[in-house]
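An overview of the molecular structure
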Amino acid sequence: MQAITNLQQLIYTMQPVLHAPCYVFATLPPGLAIPVGVKMLFEEVEGWTAILTEQKAMQLELAYEFPCRMITLNVHSSLDAVGFLARITAELASLNMGVNPVSAFYHDHLFVPAGRAEEALAALVNLSHQGQVVS
C-alpha cells in the first residue's frame with residue numbers, strides 16, 4: 001500500500017469512519033501498569049498520557065478529560081504529507097470544534113467532542129465530496 005502525499009487526493013479519498021466507543025484522555029499514575037485496551041500512549045515530562053475508553057478509565061478510577069469519539073480517516077496518508085491535518089482541523093475549527101488528531105503509520109485519527117461527533121463526521125464527508133483527485 002503506497003502512502004499518499006497529494007493533499008487533494010488525500011481529502012477526496014479519506015473515507016472518514018466514526019467509531020462507537022467514547023474515549024477520554026487521562027494521565028496514568030506512576031507505577032500503574034499499562035492498562036489493556038489503551039488506544040494511545042504518549043510519554044511527556046509530567047507522565048504518561050493515555051487515550052482509552054471512558055468505561056475503562058472509570059473502571060481504573062482514573063481522572064480524565066475530554067469525552068470524545070474517534071474518527072478514522074481511511075486513507076493511507078504519508079507521514080510527511082503536507083497540509084492534510086491542517087485542512088481537516090481548519091474545517092472543524094470553522095465549526096468552532098476542537099479536535100485532537102493522532103497520526104499512526106497508515107491512518108490519521110481524530111478525537112472530536114463526543115456530543116458533536118456526528119456533526120464532525122458529516123463535515124468531513126462533505127469536505128471529501130468537494131475534493132477532486134489531481135494527477
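Up top you'll find the structure we're talking about.
To keep things clear, this report deals only with the structure shown in the data block. Worth saying up front: this structure is predicted, and the values here are computed from it rather than measured.

Quick look at the overall build of the chain
The helix and strand tally for the chain stands at four helices and seven strands. In sequence order, the secondary structure elements of the chain are arranged as α-β-β-β-β-α-β-α-β-β-α. Radius of gyration (C-alpha) of the chain: 16 Å, near the 14 Å computed for a compact globule of 135 residues. Along the longest, intermediate and shortest principal axes, the C-alpha atoms of the chain span 50 × 30 × 25 Å. Counting over 135 residues, the chain shows a buried share of 36%. When contacts within the chain are restricted to residue pairs at least 6 apart in sequence, long-range pairs at least 24 apart make up 73% of them. In the form shown here, the chain has an accessible surface area of approximately 7800 Å², with 55% of it arising from carbon and sulfur atoms.

Overview of a nonpolar patch on the surface
A surface patch of nonpolar side chains, about 370 Å² in accessible area, is lined by L79, F105 and Y106. Its location among the elements puts F105 in the loop between β6 (100-103) and β7 (108-113). Residue F105 is classed as exposed on the basis of its relative accessible area, which comes to 57%.

Considerations on the pairing of strand β4 (residues 47-53)
For β4, the tally of buried residues reaches five of seven residues, placing the bulk of the element in the interior. Adjacent in sequence and paired antiparallel, strand β3 (residues 40-44) and β4 are bridged by two residues.

As for the packing of aromatic side chains
Ring pairs (aromatic) are described by centroid distance and by the angle formed between their planes. Evaluation of the coordinates by the stated rule reveals four aromatic pairs. With a centroid separation of 5.8 Å and an interplanar angle of 85 degrees, the aromatic rings of Y23 and F111 are classed as edge-to-face. Placement of the pair is Y23 in strand β2 (residues 23-28) and F111 in strand β7, with a sequence separation of 88 residues. For the pair Y23 and F111, a shared accessibility class is recorded, and that class is buried. A centroid spacing of 6.0 Å and a plane angle of 85 degrees characterise the contact between F25 and F111, whose relative ring orientation is edge-to-face. With F25 in strand β2 and F111 in strand β7, the pair connects residues that are 86 residues apart, well separated along the chain. Taking relative accessible area as the criterion, F111 reaches 2% and is therefore assigned buried. Three or more aromatic residues joined by ring pairs make a cluster, and in this case those are Y23, F25, F66 and F111.

Observations regarding the side chain of T72
Secondary-structure assignment places T72 in strand β5 (residues 64-73). On the basis of relative accessibility, which here comes to 6%, the residue T72 falls in the buried class. Only 3.0 Å separates the side chain of T72 from the side chain of H109, close enough to count as a polar contact. Not counting residues up to four positions away in its chain, the partners in contact with T72 are Q15, P16, V17, H19, H107, D108 and H109.

What counts, and at which threshold
Residues numbered from 1 in each chain as written. Predicted model: local features only at pLDDT ≥ 70, side-chain atom pairs only at ≥ 80, totals over all residues. Heavy atoms only, no water. Helix = DSSP H or I, 4+ residues; strand = E, 2+ residues; numbered from the N terminus. Rg over C-alpha atoms; globule rule 2.2 N^0.38 Å. Buried < 20%, exposed > 50% of the residue type's maximum accessible area, 1.4 Å probe, protein only. Contact = heavy atoms within 4.5 Å. Areas by Shrake-Rupley, 256 points an atom, 1.4 Å probe, with all protein chains shown as cover. Patch = residues over 30% accessible without salt bridge, like charges linked within 9 Å, V, L, I, M, F, W, Y side chains within 5 Å. Salt bridge = Lys/Arg side-chain N within 4 Å of Asp/Glu carboxyl O. Pairing = 2+ DSSP bridges. Phe/Tyr/Trp six-rings, centres within 6.5 Å; stacked < 30°, edge-to-face > 60°. Polar contact = N/O pair within 3.5 Å; in protein donor to acceptor, adjacent residues only side chain to side chain.

Any functional reading would require information that these geometric values do not contain.
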